[in-house]
Amino acid sequence: LLFSIVVCALYVDLNAQFSMGGMSSPSSSHNSNQESASNVKQYQGDLFRGLSVHADIGAPIISMLGGFSRSYEVQVDVNLYRRLYPIFEVGYATANKEAVSGVVYATKAPYFRLGINYGLLKPFKDDGSVRSVKCYPFVGLRYAMSPITYSISNITISDPYWGTSSTQQSRNNLDYAGWCELLGGVRVDLFKGLTLGWSIRMKTLLHTSAPDKAYVWYVPGYGRSSGMGVMFNYTIGYTFYRGEDTK
């Protein structure tokens with residue numbers, strides 16, 4: 001439902017801004033068609049405006065401060081009409097956590113995200129001419145997936161009848177998990193293509209091949225599988241602009 005609402009909003013906005021750009025009301029029915037036609041403005045820019053490559057530097061810094069997980073991520077997005085930014089993100093994460101009971105959960109796996117960012121600044125002037133948009137706030141959607149390799153060790157099994165206990169291991173299990181993300185953020189051009197960005201993401205787990213999501217206690221790229229998650233990204237990278245955007 002959320003995805004449908006956002007897509008409909010994008011469709012309406014793009015039709016209004018890229019195709020029409022704006023239309024003034026006629027003063028009388030006699031010249032309404034002439035006035036409407038004279039006020040139609042077309043978007044005058046090209047489709048492809050640039051390519052950005054970014055790395056998440058926030059997660060490695062947090063990992064160095066302590067914690068049970070490590071993650072590394074790169075992002076590639078394409079600038080279309082200075083407004084739409086299809087994006088692909090790939091990363092690798094590890095985690096090792098010992099519970100109070102002594103059970104140890106360990107995982108390592110890549111993760112992948114595919115989605116789009118939508119710039120909130122209008123990329124053209126009232127007369128339809130383009131303007132360079134290098135610093136912009138945005139909202140976005142992602143679908144993500146991770147093939148998870150994990151192990152659970154030091155599992156104590158007690159037998160109350162015989163009064164005995166044993167320790168078992170479950171190693172090299174392979175499952176997958178998929179989730180969606182809704183995010184908002186800012187991209188800033190510091191100097192001739194050197195760009196910084198940050199985003200805040202809300203995530204919800206959609207499905208997993210494990211019998212229960214408790215089996216995949218930590219999902220690389222998502223975090224703990226219980227409940228919704230919130231994540232902060234801080235990125236640095238370079239943008240290869242096209243044409244007048246290089247100025």
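The shown structure was predicted, so the numbers you read here are calculated from the model rather than taken from an experiment.

Basis of the calculations
- Residues numbered from 1 in each chain as written.
- Predicted model: local features only at pLDDT ≥ 70, side-chain atom pairs only at ≥ 80, totals over all residues.
- Heavy atoms only, no water.
- 1 Å grid on protein atoms, 1.4 Å probe; cavity = no way out; pocket = protein on both sides within 12 Å on 5 of 7 lines; lining within 4 Å.
- Points joined across faces, edges and corners; volume = space filled by probe spheres on them.
- Helix = DSSP H or I, 4+ residues; strand = E, 2+ residues; numbered from the N terminus.
- Nonpolar A, V, L, I, M, F, W, Y, C, P; charged D, E, K, R; others polar.
- Salt bridge = Lys/Arg side-chain N within 4 Å of Asp/Glu carboxyl O.
- Buried < 20%, exposed > 50% of the residue type's maximum accessible area, 1.4 Å probe, protein only.

Draft legend 1. Region of interest: empty space enclosed by the protein. According to the stated counting rule, one finds 2 cavities of 30 Å³ or more in the structure shown. Each pocket or cavity is described by its volume, and for the largest cavity that value is around 90 Å³. Contributing to the lining of the largest cavity are 15 residues, with Gln-75, Phe-138, Arg-187, Ser-199 and Thr-235 lying nearest its centre. Counting only elements with at least two residues in the lining of the largest cavity, the list comes to strand E3 (84-98), strand E5 (136-159), strand E6 (164-191), strand E7 (194-208) and strand E10 (229-241). Ranked by residues supplied to the lining of the largest cavity, first place goes to E7 with 4 residues. The class makeup of the residues in the lining of the largest cavity is 5 nonpolar, 6 polar and 4 charged. The space that makes up the second largest cavity amounts to roughly 70 Å³. In terms of lining, the second largest cavity is formed by Ser-52, Asp-77, Asn-79, Tyr-85, Val-133, Lys-134, Tyr-136, Arg-187, Thr-195, Thr-239 and Tyr-241.

Draft legend 2. Here's a closer look at the pattern of salt bridges. Under the criterion given, the structure shown has 7 salt bridges. The residue Glu-89 makes a salt bridge to Arg-142 at a minimum N-O spacing of 3.2 Å. Linking Glu-89 in strand E3 with Arg-142 in strand E5, this pair joins segments that are 53 residues apart in sequence. With a relative accessible area of 0%, Glu-89 lands in the buried category. Looking at Arg-142, the relative accessible area reads 4%, which means it is buried. Close ionic contact of Arg-201 with Glu-89 constitutes a salt bridge, the shortest N to O distance being 2.9 Å. One end of the pair, Arg-201, is in strand E7; the other, Glu-89, is in strand E3, with 112 residues separating them in the sequence. For Arg-201, a relative accessible area of 1% corresponds to the buried category. A network of salt bridges, in which partner residues are shared, links Glu-73, Glu-89, Arg-113, Arg-142, Glu-181 and Arg-201.

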